[in-house]
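# Structural characterization, general
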Amino acid sequence: MSAVSATDTDFLTTVRDIAERVAAPNADMVDREARFPVETVQALREARALSALVPVELGGDGVPFETVAAACFELGRRCGASAMVFAMHQIQVACIVRHVGGEPWLADYLRRVANEQRLIASVTSEVGTGGDMGRSIAALTEAGEGRLSFEKQAPTVSYGAHADDLLVTLRRGPEAEPGDQVLVLAQRDQTTLRQNGTWDPLGMRGTCSPGYLVSATLPAEQALSTPFPRIAAETMVPVSHILWSHLWLGIATDAFDRAREFVRAAAKRNPGEPPPAALRLSQLLSELGLLRAEVRAGLTDFLEMSAEPGRPRLSTMTAAVRFNSLKIAASEQAPRICQAALGVCGIVGFKNDTPFSVGRHLRDTMSASLMIANERIHQTNAGLLLIAKEV
Amino acid sequence: MSDATVIEQIRNVIAEHARLPGEAADLPAGASLYEAGMTSHASVSVMLALEDAFDVEFPDRMLTREVFESIDAIAAALSELAVGSSA
Ligand SMILES: Cc1cc2nc3c(=O)[nH]c(=O)nc-3n(C[C@H](O)[C@H](O)[C@H](O)COP(=O)(O)OP(=O)(O)OC[C@H]3O[C@@H](n4cnc5c(N)ncnc54)[C@H](O)[C@@H]3O)c2cc1C
């Protein structure tokens, strides 16, 4: 079943093939062992998928954003953790590509992402501010000779141990207010990661996301000159919410497909008599349809707003409300669908080793509402709704 | 309303609603309110209070960080809504 309309480019065909051939057969093992999906990421590297969003003139493949979103969906259908790693990386690339300005170091860096297929991790959340991305405690400090340094307590860094680089939010300087943030690209060879604790979570286990004390010393040019609040509003927040919801839709779609297979198998055993679960499958499809519609609409709105010169609408509060509500809706609907799929399949869905198992799907999508806590996002929207008008 | 009165009134709104760690009275009109410590949460209160104080409604296209970046920027936005010397 195709749930996302996108031009079926070679890129999408390649990623779909990797999802089916590499991600799917390893998904249960990645989940059980909470290990990084090395094979899938390696295959994506070989397909040059890590530089999909880098423009052609910088050596990348200039793949349209909607195709990358569709790729998140395809990976999500086969392995939620692989899809999340892919999506998180693309979010970081998008932040740099869309805010590179005239900065030669960053343009050069994007060429290296393309040539070396570098994998970028995200260090936005922080111990002490939780999921409030708009505030930082850790600050950049002068380290002499045009160099800067920082030390940040990160509660969750997905694939931190496997990344080539980290994109980190920090206060601009030791005197800066918590909201006066910059985004800094720290290369692995400039960075020390000291792991705090272990990674044995309920779901999204293959993202390998323990906490770290992250410290680095780097040249000042590695701090993006566009202020972080602008990057967050125009790119990081909407792109995260769109790519995440595509992969959650992918996971939910696979849960639905498994439920459908279950019903078909039951129908074949008793031809002429529709199995009782068929009715629940029909209800499940309408729930999936709602999720699919919201995910598509969110993408369409973003593409429209991004196409305008200067992207003025993306920095409005109305846009913030719009992409926040996409995240809330998709993160709540996806686990609901997985749970309903479990209801259709019954015990064979509950078991972890049948063709109808949906436990991993349910556990993976349960991370969605806390990946930036929905209560927090609701609180932000509640404030914005007092002032935004045409939402 | 003169420009000076408008600036004065904006300053009052900021003093009351921006929850800055420092004194709003000392803030240069061109200084960034965000750098001075206004959170996005507090900025919503500022916008609401401005709509009330000047009896205007900011249209959605004006509801951006930049428009509320400083006292000067707010004054410019209000004058676009015909508040100030030309009104
Ligand atoms: C699989 C996964 C991978 C992740 N990977 C990364 C990564 O690579 N990099 C990264 O930076 N982050 C990552 N995160 C995000 C990060 O781990 C958490 O979202 C973030 O640390 C928030 O943690 P928290 O839930 O403890 O904190 P909080 O956001 O503080 O939430 C804690 C609780 O308090 C409530 N709460 C807090 N503030 C408010 C408020 N203002 N109003 C109402 N309720 C509130 C919340 O609802 C929640 O119940 C990842 C998360 C997941 C699930």
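Calculation notes
- Residues numbered from 1 in each chain as written.
- Chains lettered and ligands numbered in written order.
- Predicted model: local features only at pLDDT ≥ 70, side-chain atom pairs only at ≥ 80, totals over all residues.
- Heavy atoms only, no water.
- Axes fitted to C-alpha atoms, helices over the stretch in contact; angles between N-to-C directions.
- Helix = DSSP H or I, 4+ residues; strand = E, 2+ residues; numbered from the N terminus.
- Parallel < 35°, antiparallel > 145°, perpendicular 65-115°, else oblique.
- Left-handed = near helix turned anticlockwise from the far one by under 90°.
- Contact = heavy atoms within 4.5 Å.
- Nonpolar A, V, L, I, M, F, W, Y, C, P; charged D, E, K, R; others polar.
- Buried area = accessible area lost by both parts, 1.4 Å probe.
- Salt bridge = Lys/Arg side-chain N within 4 Å of Asp/Glu carboxyl O.
- Polar contact = N/O pair within 3.5 Å; in protein donor to acceptor, adjacent residues only side chain to side chain.
- Near = heavy atom within 4 Å.
- Areas by Shrake-Rupley, 256 points an atom, 1.4 Å probe, with all protein chains shown as cover.
- Domains from an automatic or database assignment.

## Overview of the packing of helix H8 (residues 317-345) of chain A against helix H11 (residues 374-384) of chain A
Residues and elements named next belong to chain A. Between H8 and H11, whose axes approach to 10 Å, the crossing angle comes to 150°. In this view, H8 runs roughly antiparallel relative to H11, as classed from their interaxial angle. For the element pair H8 and H11, the recorded crossing hand is left-handed. Contacts between H8 and H11 involve Met-317, Ala-320, Val-321, Asn-324, Ser-325, Lys-327, Ile-328, Ser-331 and Glu-332 from the former and Asn-374, Ile-377, His-378, Thr-380, Asn-381 and Leu-384 from the latter. Within the contact of H8 with H11, the residues separate by chemical class into six nonpolar, seven polar and two charged.

## Looking at the interface of chain B and chain A
Counting residues at the interface gives 19 residues for chain B and 16 residues for chain A. Between chain B and chain A, the buried area comes to about 1400 Å², and carbon and sulfur atoms account for 64% of it. Among the residues chain B hides against chain A, the three largest losses belong to Val-44, Asp-60 and Leu-63 of chain B. Together they make up 36% of the total. Counting across the chain B and chain A interface gives one salt bridge. Lys-389 of chain A serves as the salt-bridge partner of Glu-51 of chain B, at 2.7 Å between the closest nitrogen and oxygen. The interface formed by chain B and chain A contains six residue pairs in polar contact (both at pLDDT 80 or more). Residues of the side of chain B that touches chain A, tallied by class, amount to eight nonpolar, four polar and seven charged.

## Observations concerning the side chain of Ser-209 of chain A
All names here are of chain A. Structurally, Ser-209 can be placed in the loop between strand E6 (191-196) and strand E7 (211-219). Side chain to side chain, Ser-209 and Ser-158 meet in a polar contact 2.7 Å long. Here Thr-207 takes part through its side chain, which lies 2.7 Å from a polar atom of the side chain of Ser-209.

## Topic: the site of the ligand
Residues and elements named next belong to chain A. Taken together, the neighbourhood of the ligand is formed by 20 residues, with Ser-125, Thr-156, Ser-158, Arg-376 and Gln-379 sitting nearest. At a separation of 3.2 Å, an oxygen atom of the ligand approaches a polar backbone atom of Leu-370. If the ligand stood free it would expose 960 Å²; the protein chains cover 69% of that surface. Elements with a minimum of two residues in the shell around the ligand: strand E1 (120-123) and H11. Residues of the shell around the ligand, tallied by class, amount to nine nonpolar, nine polar and two charged. Among the domains, domain 2 (120-222) and domain 3 (228-387) are the pair contributing at least three residues each to the shell around the ligand.

## Focus: the domain arrangement of chain A
Residues and elements named next belong to chain A. Assigned domains within chain A: domain 1 (6-116), domain 2 (120-222) and domain 3 (228-387). Each of domain 2 and domain 3 has a C-alpha centre, and the two are 28 Å apart. At the junction of the two partners, domain 2 supplies 15 residues and domain 3 supplies 13 residues. In this assembly, domain 2 packs against domain 3 so that about 1200 Å² is buried in total across both faces, 71% of it on carbon and sulfur atoms. On the domain 2 side of the contact with domain 3, Met-133, Leu-202 and Met-204 bury the most area, a combined 45% of that side's loss. At the boundary of domain 2 with domain 3, the tally comes to four residue pairs in polar contact (both at pLDDT 80 or more). No other element matches the three residues that strand E5 (residues 181-187) contributes to the side of domain 2 that touches domain 3.

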